[in-house]
Amino acid sequence: MVELPKEEIEKIDRMTPAEFVEYFKSINKPHFDRHYRYGYEWITKADRGAIISWLRQGTWNEWAAAAVVAKLVKEYAEYVDPEFYPIFARQVADEARHWLLRHRLLKRYGGSMEGFTPIEEWVRVFELPLKLALERPDFFQLRFTSALQVVEWTSVSHHRGVEDGAGDRYPEIRALFRELLDDELFHWSIAERTWLKMCNTLEAKLDVIRITQEYTLATIDAARKKRVELSMEHKI
Ligand SMILES: [Fe+2]
Ligand SMILES: [Fe+2]
């Protein structure tokens, strides 16, 4: 269980689901700011090889996102609230399109996916959603979104950092992120929508906090850091 003072737990207990979503964003703001900084600092020092390296992992990430949500749609439909089924199905198509766009940009920079092996920490990012969801079937969708769609919120922050740090130097990257932004915000909203519907007990709210703090945010932090570091050495 999350180690929270008794008064904090009582406060969370009294929150409506909508208040809880706002609370979640406010307590985790330092994490999102950190992902912004990783992006901002990285692009100010990155050369072409670093960008290629970084895009290789990014291209794989889009495929991995499409694959894990497709698996949810195909194999775990009975765990998904029917209202959300078309939303997850749309996400599969979005991620497949992102894969195409990122791959196109990678090629424009002179890169390819040849000989690519994903960073272990990123493999873990995409393994967590189903693993954690299956450990608690009654919280399946709550956990899936706490693991996957929360990552997408950190990605939005990271991309904003890259965009701001790049200034006018890389208009192609800016154009790509503009193209992805609305979709990624929509994907994050799948978590918000899920929590609005399902975070109506203290147990559900505390589970979201525990899963995100113990697993999602810790894992994505390690993955993001490794990606920017290895890309600087052109090692991805
Ligand atoms: Fe995506
Ligand atoms: Fe996404």
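Residues numbered from 1 in each chain as written. Chains lettered and ligands numbered in written order. Predicted model: local features only at pLDDT ≥ 70, side-chain atom pairs only at ≥ 80, totals over all residues. Heavy atoms only, no water.

Asker: Looking at this model, I keep getting lost on unusual backbone geometry. Mind explaining?
Answerer: Backbone geometry follows two general trends: most residues other than glycine have a negative phi, and most peptide bonds adopt the trans configuration. Although it is not a glycine, H234 adopts a positive phi angle of roughly 60°. Relative to the assigned elements, H234 resides in the segment after α10 (202–232). (Helix = DSSP H or I, 4+ residues; strand = E, 2+ residues; numbered from the N terminus.)

Asker: I tried to follow the packing of aromatic side chains on my own but got confused; where do I start?
Answerer: To describe a pair of aromatic rings, one takes the distance between the centres and the angle between the planes. Throughout the structure, instances matching the rule amount to 17 aromatic pairs. Measuring from centroid to centroid gives 5.9 Å for W60 and W63, while their planes differ by 50°, and the two rings are tilted. Within this pair, W60 and its partner W63 are both found in helix α4 (residues 48–75), separated by three residues, close to a single helical turn. Exposure remark for W63: the relative accessible area of 47% places this residue in the partly exposed category. Centre to centre, the rings of Y76 and Y79 are 6.0 Å apart; their planes meet at 45°, and the pair counts as tilted. The class for Y76 is buried, based on a relative accessible area of 15%. (Phe/Tyr/Trp six-rings, centres within 6.5 Å; stacked < 30°, edge-to-face > 60°. Buried < 20%, exposed > 50% of the residue type's maximum accessible area, 1.4 Å probe, protein only.)

Asker: I tried to follow helix α3 (residues 29–45) on my own but got confused; where do I start?
Answerer: Side chains of residues three or four places apart in an α-helix project in the same direction, reflecting 3.6 residues per turn. End to end, α3 covers 25 Å across 17 residues, agreeing with the expected 24 Å (1.5 Å per residue, within 8%). Every buried residue of α3 is accounted for by F32, H35, Y38, G39, W42 and I43. Across the axial projection of α3, the buried residues extend over an arc of 110°, all falling on one side. Away from its buried face by more than 90 degrees, α3 exposes P30 and K45. Check the buried side of α3 and you find it contacts α4, α8 (149–166), α9 (171–198) and α10. (Expected span 1.5 Å × (residues − 1). Arc of directions from axis to C-beta. Contact = heavy atoms within 4.5 Å.)

Asker: I keep staring at helix α5 (residues 85–108) and nothing clicks. Help me out?
Answerer: Taking 1.5 Å per residue, 24 residues should reach 34 Å; α5 reaches 35 Å between its end C-alpha atoms and fits that length. Looking at α5, one finds that the buried residues are I87, F88, Q91, V92, D94, E95, H98, L101, R102, H103, L105 and L106. Packed against the buried residues of α5 are α4, α7 (140–147), α8, α9 and α10. Two residues or fewer past α5, G110 is found with a positive phi of approximately 90°.

Asker: Would you mind showing me how to read the coordination of the iron ion (ligand 2) here?
Answerer: By definition of the ideal shapes, four donors in a tetrahedron about a metal sit 109.5 degrees apart, and six donors in an octahedron sit 90 or 180 degrees apart. Bound to the iron ion (ligand 2) are the protein donor atoms E95 (OE), E152 (OE), E184 (OE) and H187 (ND1), situated 1.8 to 2.3 Å from the metal. One can describe the donor arrangement at the iron ion (ligand 2) as irregular, given that its four donor atoms subtend angles of 83 to 154° at the metal. If you list the donors of the iron ion (ligand 2) from N- to C-terminus, the spacing comes out as E-x56-E-x31-E-x2-H. (Donors = N, O, S within 2.8 Å, 3.2 Å for Na, K, Ca; no water. Tetrahedral: all angles 85-135°; square planar, octahedral: opposite > 155°, others 65-115°.)

Asker: Is there a simple way to explain the coordination of the iron ion (ligand 1) in this structure?
Answerer: Taken together, the protein donors to the iron ion (ligand 1) comprise E62 (OE), E95 (OE), H98 (ND1) and E184 (OE), at separations of 2.1 to 2.3 Å. Its four donor atoms give the iron ion (ligand 1) angles of 86 to 136° at the centre, a pattern that matches the irregular case. Each donor residue of the iron ion (ligand 1) lies on the same chain, and together they follow the pattern E-x32-E-x2-H-x85-E. The metal-metal distance between the iron ion (ligand 1) and the iron ion (ligand 2) is 3.4 Å, with E95 serving as a donor to both. In this pair, E62 sits in helix α4 while E95 sits in helix α5, placing the two residues 33 residues apart along the sequence. E95 carries the same exposure label as E62, and that label is buried.

Asker: Can you help me understand the nonpolar core in this one?
Answerer: Here is a general trend for soluble globular proteins: nonpolar side chains tend to be buried in one another's company. Core analysis: the largest hydrophobic core is formed by 49 residues, its most contacted members being F20, L72, F88, W122, F126, F144 and W195. Sorting the residues of this core by element identifies α2 (17–27), α4, α5, α6 (120–135), α7, α8, α9 and α10 as the ones contributing at least two each. Dropping the residues within four chain positions of it, W122 is found in contact with Q57, W60, N61, I220, A223, R224 and R227. (Core = buried A, V, L, I, M, F, W, Y, C linked by side-chain atoms within 4.5 Å.)

Asker: Just to check I follow, could you spell out the side chain of Q149 for this structure?
Answerer: Residue placement: Q149 occurs in helix α8. Residue class for Q149 comes out buried when judged on its relative accessible area of 0%. In this structure Q149 touches F88, Q91, F144, H187, W188, I190 and A191, once residues within four positions along its chain are discounted.

Asker: How should the pattern of salt bridges be read in this particular structure?
Answerer: Side chains bearing opposite charge may pair, as long as their charged atoms lie close to each other. In this structure the tally under the stated criterion is 22 salt bridges. For the salt bridge of R34 with D221, the shortest nitrogen-to-oxygen distance reads 3.0 Å. Placement of the pair is R34 in helix α3 and D221 in helix α10, with a sequence separation of 187 residues. Taking the shortest distance from any N to any O, the salt bridge between R102 and E62 comes out at 2.8 Å. Taken together, the residues R102 in helix α5 and E62 in helix α4 connect sequence positions 40 residues apart. The same class applies to R102 as to E62, namely buried. (Salt bridge = Lys/Arg side-chain N within 4 Å of Asp/Glu carboxyl O.)

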